[in-house]
Amino acid sequence: MKLVSFIIVYPLIWFFSHLPMKLLYIFSDFLFIIVYYLVGYRKKVVYNNLKLAFPEKTEEELQALTKKNIKHFCDFIVESIKAFSLSEKQAAKRYKFTNPELLNTIAKKKQNIILTGCHHNNWEWSVSMPLVSEIQIFGTYKEIKNPYFNDLMKKSRTKFGLIASKAQETIPNMLHNLKNKVPGAYILLSDQNPELHKTYHWSTFFGVKVPVHSGAEMLASKFDMAIINYATKKIKRGYYETTFELLTINPKSHEKYELTDKYIALTEKNIREQPEFYLWTHKRFKHKNNYVLWLEKYKK
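What you see is a predicted model; the values in this text were computed from it and never measured.

Which parts of the structure should I look at to understand helix H2 (residues 21-39)?
Structurally, the α-helix is built with 3.6 residues per turn, so residues lying three or four positions apart point the same way. Of the positions making up H2, those classed as buried are Met21, Leu24, Tyr25, Ser28, Leu31, Phe32, Val35 and Tyr36. Check the buried side of H2 and you find it contacts helix H1 (2-17), helix H3 (43-53), helix H4 (59-82) and helix H5 (88-94). After H2 finishes, the residue glycine 40 shows a positive phi value of roughly 70 degrees.

Here it is in structure tokens:
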């Protein structure tokens, strides 16, 4: 059955992926009408997230932001489909890295790197990072139940030289590379909600106390890795610029969770500059009332 579904769906993915971006955006406009006006997909989730994050905004402003956010979400869907056929030339034109020399300077010092980022603007096209990097880039992906689509996704994400592995294989692969002295930069998108029983630290995100992933800081400190954040801005429809920012080259010199809080603050700053392009379709503050529960039941 899984093979049958792949055989049916894959030709559609291939067809849409090879369409010009102008046609894909026409499709995105049509998709937006269905998603926003007819289905109302996650409209309430987006609105509630924005209302918590921006209490100072009026009802009209929140509704306008919600509409823009879902419209961008539809663009992101077609851009993700385009990723399957995106060429090096198209990637270089549409997804620019403004200062890869920062990444490469650290790489020349033979120091391994944690690359922190978030689900803002277009993160799928960041797999083109190896085109400007002088160090091997490692990424992770969430395994899909259908192995045929899983292989297709992996092939798409690795075509520019990124080495991708399942999320649960990240640390074992990192340990293997460190043991064998294989230098690398590891992408960790750390803005998602961790499960409460796996939470070690809470931080403030848009004025709300939330559990946060602290794995990037932990791994960097344990293995003396630099931490570089990368943030993406939408220049115009279908065009993005990504900028690297050094958080530290000496993680052991920082107080516990200082770098995690710094990452959260920087992530919030970047989102505030273009709030309509963040992935608000997920419940970003679902644990906002669970801090006391965590203290009593899960605090490590």
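Would you mind showing me how to read a nonpolar patch on the surface here?
On the surface, a nonpolar cluster with roughly 540 Å² of combined accessible area is contributed by Ile33, Tyr37, Leu38, Val39 and Tyr41. Turning to its location among the elements, leucine 38 is positioned in helix H2. Owing to a relative accessible area of 66%, leucine 38 belongs among the exposed residues under this scheme.

I would appreciate a short explanation of the pattern of salt bridges in the present structure.
It is possible for side chains bearing opposite charge to pair when their charged atoms get close. Per the counting criterion, the structure on display carries 11 salt bridges. One salt bridge in this structure joins aspartate 29 and lysine 71, with 2.9 Å as the shortest N-O distance. Residue aspartate 29 is found in helix H2, and its partner lysine 71 is found in helix H4; the two are separated by 42 residues along the sequence. Assessed through its relative accessible area of 32%, lysine 71 is described here as partly exposed. One continuous salt-bridge network, built from bridges that share partners, spans Asp29, Lys71, Asp75, Lys234 and Arg237.

I would appreciate a short explanation of the environment of threonine 281 in the present structure.
Structurally, the position occupied by threonine 281 is in the loop between helix H10 (258-273) and helix H11 (291-297). Note: C-alpha distance between threonine 281 and isoleucine 106 (175 residues apart in sequence) is 35 Å. Apart from the residues within four sequence positions on either side, threonine 281 is in contact with Arg42, Val45, Val46, Asn69 and Phe73. A polar contact of 3.4 Å, which involves the side chain of threonine 281, links it to the side chain of histidine 282.

What is the right way to read the pairing of strand E4 (residues 163-166) from this model?
The side chains of a regular strand alternate between the sheet's two faces. In this structure, strand E3 (residues 137-141) lies alongside E4, joined through four bridges in parallel fashion. Of the residues in E4, the one forming a bridge with tyrosine 141 is lysine 166. Note that the unit made of E3, helix H7 (residues 147-158) and E4 has a crossover that is right-handed.

Please explain H3 as it appears in this structure.
Listed in full, the buried residues belonging to H3 are Val45, Val46, Tyr47, Asn49, Leu50 and Ala53. Buried-residue contacts for H3 involve H4 and H10.

What exactly am I supposed to notice about unusual backbone geometry here?
With a phi close to 55 degrees, lysine 181 is a non-glycine residue in the positive phi region. Looking at the secondary structure, you find lysine 181 in the loop between helix H8 (170-179) and strand E5 (185-189). With phi around 55 degrees, phenylalanine 206 is a residue other than glycine that occupies positive phi space. Structurally, phenylalanine 206 can be placed in the loop between strand E6 (201-205) and strand E7 (208-212).

Honestly, the side chain of arginine 157 in this entry has me stumped. Any pointers?
By secondary structure assignment, the location of arginine 157 is in helix H7. A residue is classified by how much of its surface remains accessible, and arginine 157, at 17% relative accessible area, is buried.

Can you walk me through the packing of aromatic side chains in this structure?
The description of an aromatic ring pair uses the distance of the two centres, along with the angle that the planes make with each other. In the structure shown here, the tally under the stated rule is 25 aromatic pairs. Each ring, one from tyrosine 41 and one from phenylalanine 73, has its centre 6.0 Å from the other, and the planes form 20 degrees; the classification is stacked. Placement of tyrosine 41 in the loop between H2 and H3 and of phenylalanine 73 in helix H4 is noted, with a sequence separation of 32 residues between them. Centre to centre, the rings of phenylalanine 97 and phenylalanine 244 are 5.9 Å apart; their planes meet at 10 degrees, and the pair counts as stacked. Here phenylalanine 97, found in strand E1 (residues 95-97), pairs with phenylalanine 244, found in strand E9 (residues 239-248); they are 147 residues apart in sequence, far enough to count as distant. Taking relative accessible area as the criterion, phenylalanine 97 reaches 12% and is therefore assigned buried. Ring-pair connections join several aromatic residues into one group, and the members of that group are Phe54, Phe205, Phe206, Tyr278, Trp280 and Phe285.

Help me out: how do you make sense of the pairing of E9 in this one?
As paired strands, E1 and E9 are joined by three bridges and run parallel to one another. Looking at E9, one finds that lysine 96 is bridged to glutamate 241. Where strand E8 (residues 226-236) meets E9, nine bridges bridge the pair, whose relative direction is antiparallel. Within the sheet, the bridge partner assigned to isoleucine 228 lies in E9 and is leucine 246.

Please clarify how the side chain of glutamine 111 should be interpreted in this entry.
Relative to the elements of secondary structure, glutamine 111 occurs in the loop between helix H6 (100-108) and strand E2 (113-117). From its side chain, glutamine 111 meets the backbone oxygen of aspartate 224 in a polar contact 3.3 Å long. The contact partners of glutamine 111, leaving out residues within four places of it in the chain, are Ile106, Ile135, Asp224, Met225, Ala226 and Ile249.

How each quantity is defined
Numbers given to residues run from 1 along each chain, matching the order in which its sequence is written. For this predicted model, a pLDDT threshold of at least 70 governs which residues receive local features, and a threshold of 80 or more governs which side-chain atom pairs are given and counted, while totals over whole chains, interfaces and linings are taken from all residues. Excluded from the side-chain calculations are hydrogens and water; all other atoms, namely the structure's heavy atoms, are used. With a 1.4 Å probe rolled over the protein chains alone, any residue whose accessible area is under 20% of its type maximum counts as buried; one over 50% counts as exposed, and the rest are partly exposed. A run of H or I in DSSP becomes a helix once it reaches four residues, and a run of E becomes a strand once it reaches two; helices and strands are each numbered from the N terminus. We call two residues in contact whenever any of their non-hydrogen atoms come within 4.5 Å of each other. Residues with no salt bridge and a relative accessible area higher than 30% make up the patches, which join like charges within 9 Å and nonpolar side chains (Val, Leu, Ile, Met, Phe, Trp, Tyr) within 5 Å. Throughout, the Shrake-Rupley method with a 1.4 Å probe supplies accessible areas, and for residues the shown protein chains are the sole cover considered. Salt bridges are defined as contacts in which a side-chain nitrogen from Lys or Arg sits within 4 Å of a carboxyl oxygen from Asp or Glu. For this analysis, a polar contact is any N or O atom pair within 3.5 Å, provided that within protein one partner can donate a hydrogen and the other can accept it, and provided that sequence-adjacent residues contribute only side-chain to side-chain pairs. The pairing criterion for strands is at least two bridges between them, as found by DSSP. When the strands point away from the viewer and the path from the first strand over the helix to the second turns clockwise, the crossover is right-handed. Centres within 6.5 Å are what make two rings of Phe, Tyr or Trp a pair, Trp counting through its six-membered ring; a difference in plane orientation under 30 degrees is then read as stacked, over 60 as edge-to-face, and the rest as tilted.

What is shown is where atoms sit, not what they do.
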